[in-house]
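Summary of the model geometry
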Amino acid sequence: MSQNRILAILLGVLAALVLVVGGLSAVLLLSGGSDGDDAASGGSGSSGSVDSGAASGRLRLGGGDPITLDPALAGDAGSAEYIVELFGGLMTLDQNLNVAPDLAASFEVSPDGLVYTFKLRDNAVFHNGRAIEANDVKCSMERATERRLASSTAAAYLNDIVGAREKMAGSAQSVRGVEVVDRKTVRITIDAPKPYFLAKLTYPTAFVIDCQQAESNPRNWTLKPNGTGPYKMREWRLGERIVLEAHAGYHLGAPKVSQVLYQISGGSALTRFENNELDVANISVNDIERVRDRNNALNKLYIEASSLSISYLAFNTKVPPFDDVNVRRAFGLAIDRQRIADVTFNKMISPATGILMPQLPGYTADDKTLKFDPEEAKRALAASKYAGRVLPAVTLTEIGAGAEGAIDTQAFIEQWRQVLGVQVQIKQSDAATFFADVDAGRLQLFNSGWILDYPDPENVLDLKFHSRSALNDLGYANPTLDGLLERARTEREAPVRLRLYQDAEREVLKDAAWIPLYFARQHVVVKAAVKGWTEPPMVIPRLRFVSIER
């Protein structure tokens, strides 16, 4: 919610840190559109329909082509950034990260915590004006759990619903835990009382789509989706721009900005900002000193905000040499994250102290990670089963297309060489290939990240480390950890539940399945004419709260 973080796919200054929202999707968007409107594949579309001028009512942002606009498949923040504006679900996260009704007008939970009954809003409509009904909710969830779709995010975010696992396995034709009570009422039954279930429904996989549109043109429907969100797609020119247009009939109120232009092509975001081509721009490490300078005009437009995200190095624990915990520990002890954060990234980020981020329930300030200790790193390697042997070849994979790795990756590799005498090769790939390889468990060591989708420790510890989670891409299995996570799922006493997650965090760090690297912060400049702009710590709908005074 990945990361989604994130940073869409790249986190501002940290071009190598791919923070994902929820699961990692391996689906590459090929084309879209199904209603006969102009398509925007391969540069088609209505020429001249949009310009980059500072017209009133138009918000101009930087952006990138999403991997997918199918909510059922989305797993990266770059896709989710658009999806949360084009679609919605029964529930959403508000600006304070509270779970709130979206398409639902109200809901009731049974005393045993198993049955959720949702009443849909009478004024909730698709972009084409058709009223949203309970059948739309059911068919959307049925589609997301289809075996042919093979959605890893559905396997992680809808698996609490009774019958969802069977549907995804192909042993059932429908999800029996999703029932249409009447035209405006839907009932969802889950397998155990889980305090975070409503929050899971805020993730894109649970969003409502126009199933008829998706079924009539399954390959191309996502370019002009008939969504339910505050904005609708006006134009998409691959590699050039995406234009969203306000949905005047949006059930929570029409957006204040009539049009949002994402400029996909172009050079430096800050240069375009200073040339009055963008209204908001991310700040890179090359420009941070300028915006921090109180004598610079940009300083008054500068916003720094926290993020519920973490970047990390991940080990495939089934692949040599990382099938040995001592090797994993040695790699963690041999890198100086503090120096890289302070010097390489000019204190734009902070070294992670664990897996749970600040502001997240269960977070503790004490540093639980492996400290930089070259001598201890050597001792850990000497204690491994590979002691006295040449380590199997090690390749670190990251997203990128440059001749060299990201600047922090290069620092890690040099430190591993100096401290451990290990040569590590860098492999870069495009985002879609990277996500596919991660999902398939094909990578040995990779640089990645995670943006929370809702503020609950379950959203990272259970989804990423439980041995049977669809999003466990490490081959990691720890029975003690599984037991802690399973107890936490249904624990209703909040203090007890958080202690279980804290114990789970320590268990993961002991096994060094991840090397937590940094807690991210967001650095942007925003034009004075833009009012109500926020930098939320995770991907949530935000554009409808923005206005422009010019």
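The following refers to the structure shown. Given the structure is predicted, the values throughout are model-derived calculations rather than measurements. For every chain, the first residue of the written sequence is number 1, and numbering continues from 1 onward in sequence order. Residues qualify for local features only when their pLDDT is at least 70, as the model is predicted, and side-chain atom pairs are given and counted only at 80 or more; totals for whole chains, interfaces and linings, by contrast, use all residues. To get the side-chain values, take all heavy atoms of the structure and skip hydrogens and water.

Notes on the overall build of the protein chain
Worth spelling out the cut-off: Numbered from the N terminus, helices here are DSSP runs of H or I no shorter than four residues, and strands are runs of E no shorter than two. A simple rule labels every residue: compare its accessible area, found with a 1.4 Å probe on the protein chains alone, to the largest value its type can have, and call it buried under 20%, exposed over 50%, or partly exposed in between.
In terms of helices and strands, the protein chain carries 16 helices and 20 strands. Residues classed as buried in the protein chain amount to 59% of the 550 residues present.

Focus on unusual backbone geometry
Trans peptide bonds make up most of the peptide bonds, and negative phi angles are found at most residues other than glycine. Cis geometry is adopted by the peptide bond preceding Pro 321, which originates at Pro 320 and carries an omega value of 0°. Relative to the elements of secondary structure, Pro 321 occurs in the loop between strand S13 (302-315) and helix H9 (325-333). Phi is positive for Ala 150, close to 50°, though the residue is something other than glycine. Here Ala 150 lies in the loop between helix H2 (134-144) and helix H3 (152-157). Taking relative accessible area as the criterion, Ala 150 reaches 64% and is therefore assigned exposed. Backbone geometry at Asn 276 places phi at a positive 60°, although glycine is not the residue there. You can see Asn 276 is positioned in the loop between helix H7 (269-274) and strand S12 (280-282).

Things to note about the pattern of salt bridges
Threshold: Only one rule defines a salt bridge in this text: a Lys or Arg side-chain nitrogen within 4 Å of an Asp or Glu carboxyl oxygen.
Tallied over the entire structure, the rule returns 34 salt bridges. When the shortest N-O distance is used, the salt bridge between Lys 138 and Glu 142 registers 2.9 Å. In this pair, Lys 138 and Glu 142 are both assigned in helix H2, 4 residues apart and thus about one turn of the helix distant. Residue classification places Glu 142 among the buried positions, given a relative accessible area of 12%. Residues Lys 510 and Glu 507 are paired through a salt bridge, measuring 2.9 Å at the closest nitrogen-oxygen approach. Of this pair, Lys 510 and Glu 507 both sit in helix H16 (residues 494-511), separated by 3 residues, roughly a single helical turn. Judged by relative accessible area, which is 15%, Glu 507 ranks as buried. Salt bridges linked by common partners bring Asp 160, Asp 191, Lys 194, Lys 200 and Glu 458 together as one network.

Here's the deal with the sheet that holds strand S2 (residues 58-62)
The strands making up a sheet associate through backbone hydrogen bonding, with each pair oriented either parallel or antiparallel. Our working rule: A pair of strands is treated as paired once DSSP finds two or more bridges between them. For helices, the fitted line uses only the C-alpha atoms of the stretch in contact; every axis is such a line through C-alpha atoms, and the angle between N-to-C directions lies from 0 to 180 degrees. In what follows, residue pairs with any heavy atoms lying within 4.5 Å of each other are defined as contacts.
Taking strand neighbours across the sheet as the criterion, the 4 strands line up as S2-S11-S10-S9 in an open arrangement whose pairing is mixed. Where the open sheet ends on each side, the last strands, each with one partner, are S2 and strand S9 (231-237). Across the sheet, the axes of successive neighbouring strands diverge by a mean angle of 20°, strand direction being ignored. Of the strand pairs in this sheet, S2 and strand S11 (residues 259-263) are connected by 5 bridges, and their pairing is parallel. Residue pairing across strands places Arg 58 opposite Gln 259, the latter belonging to S11. Against the sheet, helix H1 (residues 77-86) contacts S9, strand S10 (241-246) and S11, and its axis sits at roughly 135° relative to S9.

With respect to helix H15 (residues 479-490)
The line we're drawing: To estimate how far a helix should extend, the number of its residues minus one is multiplied by 1.5 Å. The arc in question is the one traced by the directions running from the helix axis out to the C-beta atoms. Polar contacts, as used here, are pairs of N or O atoms within 3.5 Å; protein pairs need one atom able to donate a hydrogen and one able to accept it. Residues neighboring in sequence count only if both atoms are side-chain atoms.
Counted at 1.5 Å a residue, the expected span for H15 with its 12 residues is 16 Å, and the 18 Å between its end C-alpha atoms agrees. Residues of H15 that are buried include every one of Leu 481, Asp 482, Leu 484, Leu 485, Ala 488 and Arg 489, and no others. Buried residues along H15 cover an arc of 165° about the axis, so they all sit on one side. When the buried face of H15 is taken as reference, the exposed residues oriented beyond 90 degrees from it are Pro 479 and Arg 487. At the N-terminal end of H15, a side-chain oxygen is found 2.9 Å from the backbone nitrogen of Thr 480, two or three residues along, and the residue is Asn 478.

Section: the packing of aromatic side chains
Note the following rule: By convention, a stacked pair of Phe, Tyr or Trp rings (six-membered ring in the case of Trp) has centres within 6.5 Å and planes under 30 degrees apart, an edge-to-face pair has planes over 60 apart, and any other such pair is tilted.
Within the structure shown, the criterion is met by 18 aromatic pairs. When the centroid spacing of 5.8 Å and the interplanar angle of 80° are considered together, the rings of Phe 345 and Tyr 518 count as edge-to-face. You can see Phe 345 sitting in the loop between helix H10 (337-344) and strand S14 (350-351) and its partner Tyr 518 sitting in strand S18 (residues 514-526), a full 173 residues away along the chain. As far as the burial class goes, Phe 345 and Tyr 518 line up, both buried. Look at Phe 465 and Tyr 476: their rings are 6.3 Å apart centre to centre, the planes differ by 90°, and that puts the pair in the edge-to-face class. Separated by 11 residues along the polypeptide, Phe 465 in helix H14 (residues 458-465) and Tyr 476 in the loop between H14 and H15 bring together distant segments of the chain. Phe 465 sits in the buried class, given a relative accessible area of 0%. Taken together, the ring pairs in this structure connect Phe 315, Phe 322, Phe 331, Phe 412 and Trp 416 into an aromatic cluster.

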